[in-house]
Amino acid sequence: MSVASLGVRRAPVRCDASLGFGEAPLRPRALLVDWDGCLAIGNRLQPGAASLLSSWQGRVVIVSNNSTHLPHQIARILEDAGLAIPADRILLAGYETIRIAAESSWRRAMILGDPRLRAAARALGISVAREAPEVVVLLRDTRFTFRQLERAANAILRGAALLVSNADLNHPGPGGEVVPETGALLAALLAATGKRPLDYQIVGKPSPRLFMRACALLDIPPEDALMIGDNPDTDVAGAAAVGMPCVTIGGAAGRTLESVAASLRTA
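Residues numbered from 1 in each chain as written. Predicted model: local features only at pLDDT ≥ 70, side-chain atom pairs only at ≥ 80, totals over all residues. Heavy atoms only, no water.

Novice: Please explain the pattern of salt bridges as it appears in this structure.
Specialist: Note that side chains of opposite charge can pair when their charged atoms are close. All told, the structure shown has nine salt bridges when counted by the stated rule. Between Asp114 and Arg116 there is a salt bridge; the shortest N-O distance is 2.8 Å. Put simply, Asp235 and Lys205 hold a salt bridge, and the shortest N to O gap is 2.6 Å. Placement of Asp235 in helix H8 (residues 232-241) and of Lys205 in the loop between strand S12 (200-202) and helix H7 (208-218) is noted, with a sequence separation of 30 residues between them. For the pair shown, Asp235 and Lys205 are each scored as buried. (Salt bridge = Lys/Arg side-chain N within 4 Å of Asp/Glu carboxyl O. Helix = DSSP H or I, 4+ residues; strand = E, 2+ residues; numbered from the N terminus. Buried < 20%, exposed > 50% of the residue type's maximum accessible area, 1.4 Å probe, protein only.)

Laid out in structure tokens, this is it:
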């Protein structure tokens, strides 16, 4: 799906734009914030996360490529930290992929993912099947096996569609370790199907879907929001595609969530 087909107006984008770092500061009306590697690592809130979310409560949507958890699970983590972010303001690529599959004409789906996501699919009316699926739904699956790879590859070669939550190869884990992501499983699946090109859809960032869903929830155009993330390939590229300003933390930027939160308070 193209940006144009979503009705998005391209605009000059301030990516890694200043928040008191040398340019006129941004004054967004609302925030989109990444989860893994930004607000949290290993589902533990990072310094500055609680302050940021508390200050912008009611004007923030969490937009994440997480495809292991359900929105209410993240909401519970935040609730334990004294933060009331409703589940419908937590957009996770995995659950959004399941929701899209449920709203489509597909009825039999092979779902490679956490049992909780498979249960959510059933609750939304999807018939979860190992054999003869109409669509293969690929999420982050920590129990991924050779047999699943074999079944999925052959289902696709027989004509099943492929719907992927995100193409991230990994995300940051505790202690600086990398945690394999859905994109690593996608690479294996593409390799297993051979050199034939496949037409598949990716739901998560940098696709415009989650960004535009968040803007609809906030009732603002993309240029009035600010994306805060840690991944140039997903957070920055996705924001740029819809004309949304963005700022990154960590890496070469050298910014922390705390410094960004403080700059936003004074902007």
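Novice: Any chance you could explain the pairing of strand S6 (residues 108-112) here in plain terms?
Specialist: Regular strands place side chains that alternate from one sheet face to the opposite one. For S6, a buried count of four out of five residues is recorded, marking the element as mostly surrounded by other parts of the structure. Note that S6 and strand S7 (residues 127-128) share two bridges and pair parallel. In the strand pairing of S7, Arg108 is matched with Ser127. As for the winding sense of the linkage, the β-α-β connection from S6 through helix H4 (residues 115-123) to S7 is right-handed. (Pairing = 2+ DSSP bridges. Right-handed = clockwise from strand over helix to strand, strands pointing away.)

Novice: Explain the packing of helix H5 (residues 146-157) against helix H6 (residues 182-192) here, please?
Specialist: Each packed pair of helices is defined by two parameters, the angle between the axes and the distance between the axes. Viewed as axis vectors pointing N to C, H5 and H6 meet at an angle of 55°, and their least axial separation amounts to 9 Å. The pairing of H5 with H6 is recorded here as oblique in orientation. Note that H5 runs across H6; the crossing there is right-handed. Touching Leu149, Ala152, Ala153 and Ile156 of H5 are Ala188, Leu189 and Ala192, all from H6. For the contact of H5 with H6, the per-class residue count stands at seven nonpolar, no polar and no charged. (Axes fitted to C-alpha atoms, helices over the stretch in contact; angles between N-to-C directions. Parallel < 35°, antiparallel > 145°, perpendicular 65-115°, else oblique. Left-handed = near helix turned anticlockwise from the far one by under 90°. Contact = heavy atoms within 4.5 Å. Nonpolar A, V, L, I, M, F, W, Y, C, P; charged D, E, K, R; others polar.)

Novice: Please clarify how the sheet that holds strand S1 (residues 30-33) should be interpreted in this entry.
Specialist: Adjacent strands of a sheet pair through backbone hydrogen bonds, lying either parallel or antiparallel. Strand order in the open sheet made by the five strands is S5-S4-S1-S13-S14, with parallel pairing throughout. Looking along the sheet, the strands with just one partner apiece sit at the ends: strand S5 (90-92) and strand S14 (246-248). The sheet shows a mean angle of 20° between the axes of neighbouring strands, direction not considered. As judged from the four bridges shared by S1 and strand S13 (residues 225-229), these two strands associate in the parallel manner. Looking at S13, one finds that Leu32 is bridged to Met227.

Novice: Explain the nonpolar core here, please?
Specialist: It is characteristic of soluble globular proteins that their nonpolar side chains tend to be buried jointly. Counting 27 residues, the largest nonpolar core has Leu31, Leu39, Leu52, Leu78 and Ile228 as the members making the most contacts within it. Those elements that provide at least two residues to this core are S1, helix H1 (49-55), strand S4 (60-64), helix H2 (71-80), S5, S13 and helix H9 (257-266). It is H9 that contributes the most residues to this core, four residues altogether. Here Leu31 is in contact with Leu52, Trp56, Arg59, Val60, Val61, Leu218, Leu226, Ile228 and Leu264, once residues within four sequence places are set aside. Counting 20 residues, the second-largest nonpolar core is a separate cluster that includes Ile220, Met227, Val242 and Met244. (Core = buried A, V, L, I, M, F, W, Y, C linked by side-chain atoms within 4.5 Å.)

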